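# Summary of the model geometry
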Amino acid sequence: MKNDISSTQLASRSDNSLVSIKKNIKRNMSYLETIAPVKIDYVKTESGQTEKVFWLNVFQAWYVVSSFKNTPKNRRLKMDLTESVSRSTDMKGAWVGAIKQLQGD
């Protein structure tokens, strides 16, 4: 799956600071990389400094956001990501497998 959600986007859509989100991603990097590689870009800010931007797929972003404090803004982001995860998951295949398993019992 294409990496499509940046640490900057997560910060702007949540009640968490960019610094906090980056710390969370770094702390969980080994687990996030078991899902997919985390892409890291280095971008120049308006002040001329270089800043690290992490790019996550929807599953990785959902994992990071799941640990956020439960505020209205964070709940909305969690719901949006949950919707994206469910659209990205083969639910039809999961139901077919569950029904076959039940029929076998």
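The notes below deal with the structure included here. Just so we're clear, the structure is a prediction, and the values are computed from it rather than from any experiment. (Residues numbered from 1 in each chain as written. Predicted model: local features only at pLDDT ≥ 70, side-chain atom pairs only at ≥ 80, totals over all residues. Heavy atoms only, no water.)

### Some points on the pairing of strand β2 (residues 39-44)
Test applied: When DSSP locates at least two bridges between a pair of strands, those strands are taken to pair. Numbering of helices and strands starts at the N terminus; helices are DSSP runs of H or I of at least 4 residues and strands are runs of E of at least 2.
In this sheet, strand β3 (residues 50-56) lies alongside β2 in antiparallel orientation, the contact comprising six bridges. Within β3, the position partnered with Asp41 by the bridge is Val53. The antiparallel pairing of β2 with β3 creates a hairpin that spans five residues between the two strands, and Gly48 there sits at a positive phi of about 90°.

### As for the pattern of salt bridges
Definition in use: One side-chain nitrogen of Lys or Arg within 4 Å of one carboxyl oxygen of Asp or Glu is enough to make a salt bridge. Relative accessible area decides the class of each residue, using a 1.4 Å probe on protein chains only: under 20% of the type maximum gives buried, over 50% gives exposed, and in between gives partly exposed.
Tallied over the full model, the rule gives four salt bridges. Here Arg13 makes a salt bridge to Asp80, at a shortest N to O gap of 2.3 Å. With Arg13 in helix α1 (residues 7-13) and Asp80 in helix α5 (residues 72-88), this pair connects stretches of sequence that are 67 residues apart. For Asp80, a relative accessible area of 22% gives the class partly exposed. The partner of Asp80 in a salt bridge is Arg76, with the nearest N and O atoms 2.7 Å apart. Pair noted here: Asp80 and Arg76 are both in helix α5, with a separation of four residues, about one helical turn.

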